[in-house]
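Chain by chain, the residues:
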Amino acid sequence: RTSSSFGAPSRSAASRFVRASSRRSIVARSFDAKAPAPPSTRRAFTFVRHGQSTWNEEGRIQGSSNFSVLTAKGQAQANLTKDVIALDEFDVCLRSPLARARETAEIAWGTRSGTAFVDVDDLREIDLYAFEGLLKEDGIERYGQSYANWKKNPSEFEIDGHYPVRELWDRATRVWNEALLARRETKILVVAHNAVNQALIGSALGLGPEYFRRIVQSNCAVSRLIIDESFEPNTGRGVKLEVFNQTPEAPVGKKDALVLVHAPTSIEEEAKITRSMVNVLKNTSVGALLHSPDGPSARLAEKIFDRCQREMSGACPFEAKVVNSVDDILTSLAEGTQGGGSTFVIHDKVVCQDFLAHALERNSGEMFSLSPGGMSVINMKGGPAKDPVAVCINHLLHLPSAEQAAIDDTY
């Protein structure tokens with residue numbers, strides 16, 4: 001065996017998620033039903049991608065066309081998202097006018113009262129012109145190098161005299177200035193699409209169109225930004241990323257995935273987060289376990305490693321190793337791992353933030369608001385140029401409701 005997947009299989013992530021989310025908000029507690037209203041200078045924007053559509057299922061390029069609707073799976077995903085945000089307060093829902101996003105918004109909004117929905121044309125999906133309606137294999141056959149650019153060099157991709165990704169980032173800036181920031185509400189839900197949500201989140205964080213495909217949005221995933229009065233699109237100022245691309249099941253266990261875990265900061269958190277992480281790893285392939293030299297991170301790593309050795313008769317196939325910095329983590333990755341699964345890094349908040357900044361080529365990781373026990377997953381070679389992709393940031397669904405309620409806000 002080349003990687004560890006120890007312990008009995010856990011309950012299905014979806015069923016566990018539904019039970020947990022029916023009791024509490026899945027994102028940070030700052031904006032749940034029991035928390036005080038935020039100051040007027042602090043605003044929350046929650047972004048949701050639509051559920052699986054008929055054209056998603058067929059592998060057909062949608063763009064801003066409006067011929068697909070939600071599948072039964074897409075409707076089920078939207079219902080899970082409804083549970084994700086059940087206890088979160090929203091003043092209004094801005095949504096794409098395309099059918100797949102409209103239906104997702106209506107399902108996710110649930111039983112909230114009031115006139116909630118505002119259709120915003122600029123929230124439609126990326127305009128892909130002649131590509132729209134093509135099966136992906138047809139795009140390869142008919143458009144050759146142009147299709148290759150769309151997949152491997154999207155910011156330089158040109159079709160019908162247009163640069164769709166660049167246009168999308170310009171449109172996202174317009175959405176921020178003319179639709180989102182122009183509103184007076186402080187808690188806004190936005191339901192749209194993969195590409196446009198990438199552009200909205202990317203432009204908020206100061207990430208340009210060259211980051212397209214490196215900040216992907218899964219069907220019905222939840223992301224949340226908190227902004228203050230100094231926020232300005234495309235600068236990275238005045239913004240915190242609280243949760244990114246959160247889905248019911250954390251995408252861990254893959255060979256090129258690096259999983260950052262913000263270590264506990266108190267004895268109470270340590271016991272609870274240790275139990276949660278052991279449960280996560282019961283059915284996860286682990287290639288290596290990196291941790292700080294002492295403190296809660298080292299103790300958590302030791303417990304995980306000891307459990308693996310017990311359950312595999314002393315033959316735990318991954319290594320546990322001390323790292324002190326981002327450079328140490330990169331050196332360990334370059335040296336390779338004993339196993340073939342994800343590399344888990346359990347460390348303090350600053351090291352986790354610094355690694356996220358390194359992966360996304362930012363000067364500082366302070367914009368990433370991480371909670372103790374939160375998991376952030378980076379696909380180290382998943383981007384168009386084999387560059388790092390943010391798969392999810394500050395994933396919290398593995399933390400049971402009681403644990404999450406006990407963890408203080410980090411922003």
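The residue count restarts for each chain, going from 1 along the sequence in the order it is written. Reporting of local features is limited, given that this is a predicted model, to residues whose pLDDT is at least 70; pairs of side-chain atoms are given and counted only at 80 or more, and all residues count toward the totals for whole chains, interfaces and linings. As a rule here, side-chain values come from all non-hydrogen atoms in the structure, and water together with hydrogens is ignored.

1. Concerning the pattern of salt bridges
Step number 1: Put simply, a salt bridge is a Lys or Arg side-chain nitrogen that is within 4 Å of an Asp or Glu carboxyl oxygen. Within the structure shown, the criterion is met by 18 salt bridges.
Step number 2: Taking the shortest distance from any N to any O, the salt bridge between E106 and R95 comes out at 3.1 Å. Here E106, found in helix α4 (residues 99-109), pairs with R95, found in strand β2 (residues 92-95); they are 11 residues apart in sequence, far enough to count as distant.
Step number 3: Exposure classes here rest on a 1.4 Å probe applied to the protein chains alone. A residue is buried below 20% of its type maximum, exposed above 50%, and partly exposed in between. Residue class for E106 comes out partly exposed when judged on its relative accessible area of 41%.
Step number 4: Among the residues examined, R95 registers a relative accessible area of 5% and is labelled buried.
Step number 5: D387 is the partner of R214 in a salt bridge, and the nearest nitrogen-oxygen pair spans 3.8 Å. Note that R214 is positioned in the loop between α8 (194-205) and β5 (222-232) and D387 in the loop between β11 (375-379) and β12 (389-395), a separation of 173 residues in sequence.
Step number 6: Judged by its relative accessible area of 3%, R214 is buried. The helix count covers DSSP runs of H or I at least four residues long, the strand count covers runs of E at least two residues long, and both are numbered beginning at the N terminus.

2. Considerations on the side chain of T104
Step number 1: By the secondary structure assignment, T104 is in helix α4.
Step number 2: Judged by its relative accessible area of 0%, T104 falls in the buried class.
Step number 3: The definition of a polar contact used here is a pair of N or O atoms within 3.5 Å, where within protein one atom must be able to donate a hydrogen and the other to accept one, and adjacent residues in sequence count solely through side-chain atom pairs. A polar contact of 3.2 Å, which involves the side chain of T104, links it to the backbone nitrogen of G51.

3. With respect to the nonpolar core
Step number 1: Of all hydrophobic cores here, the largest spans 63 residues; its most connected members are F131, W150, W176, L200 and L225.
Step number 2: Element by element, the count of residues in this core is highest for helix α7 (residues 164-180), at eight residues.
Step number 3: Throughout, a contact is declared for two residues whenever any of their heavy atoms are within 4.5 Å. If we skip the residues at most four places from it in the chain, F131 touches I61, Y143, S146, Y147, W150, F157 and I159.
Step number 4: Here the nonpolar core consists of buried residues drawn from Ala, Val, Leu, Ile, Met, Phe, Trp, Tyr and Cys, with membership extended through side-chain atoms lying within 4.5 Å. Residues V280, L281, I346 and V391 belong to the second largest nonpolar core, which totals 29 residues.

4. Examining the confidence of the model for the chain
Step number 1: Residues with a pLDDT of 70 or more make up 86% of the chain, whose mean pLDDT is 87.
Step number 2: Low confidence marks residues 6-24, where pLDDT is under 50. Its contacts with residues over four positions away, or in another chain, come to 38 contacts.
Step number 3: For every residue, the pLDDT score states the predictor's confidence, bounded by 0 at the bottom and 100 at the top. In this model, residues 26-39 is a region of pLDDT below 50 whose contacts with residues beyond four sequence positions or in other chains number 45 contacts.

5. Some words on the pairing of strand β6 (residues 237-246)
The side chains of a regular strand alternate, residue by residue, between the two faces of the sheet.
Step number 1: Summarising burial for β6: eight of the 10 residues are buried, a large majority.
Step number 2: Here, any two strands with at least 2 DSSP bridges between them count as paired. Where β5 folds back onto β6 in an antiparallel hairpin, the turn is made up of four residues, including N234, whose phi is positive at roughly 75°.

6. Some thoughts on the packing of helix α9 (residues 267-281) against helix α10 (residues 295-311)
Step number 1: Their axes nearest at 10 Å, the elements α9 and α10 cross at an angle of 40°. Classified by the interaxial angle, the pair formed by α9 and α10 is oblique. In this structure, α9 meets α10 at a crossing whose hand is right-handed. Residue-level contacts link E270, I273, T274, M277, V278 and L281 of α9 to P296, R299, L300, K303, I304 and R307 of α10.
Step number 2: Residues of the contact of α9 with α10, tallied by class, amount to seven nonpolar, one polar and four charged. Axis lines are fitted to C-alpha atoms, over the contacting stretch for helices. Their N-to-C directions set the angle, which ranges from 0 to 180 degrees. What sets the label is the angle itself: under 35 degrees gives roughly parallel, over 145 gives roughly antiparallel, 65 to 115 gives roughly perpendicular, and the rest give oblique. Take the far helix as your reference; a near helix turned counterclockwise from it by less than a right angle gives a left-handed crossing, and one turned clockwise gives a right-handed crossing. Three residue categories are used. Nonpolar comprises Ala, Val, Leu, Ile, Met, Phe, Trp, Tyr, Cys and Pro, charged comprises Asp, Glu, Lys and Arg, and polar comprises the others, including Gly.

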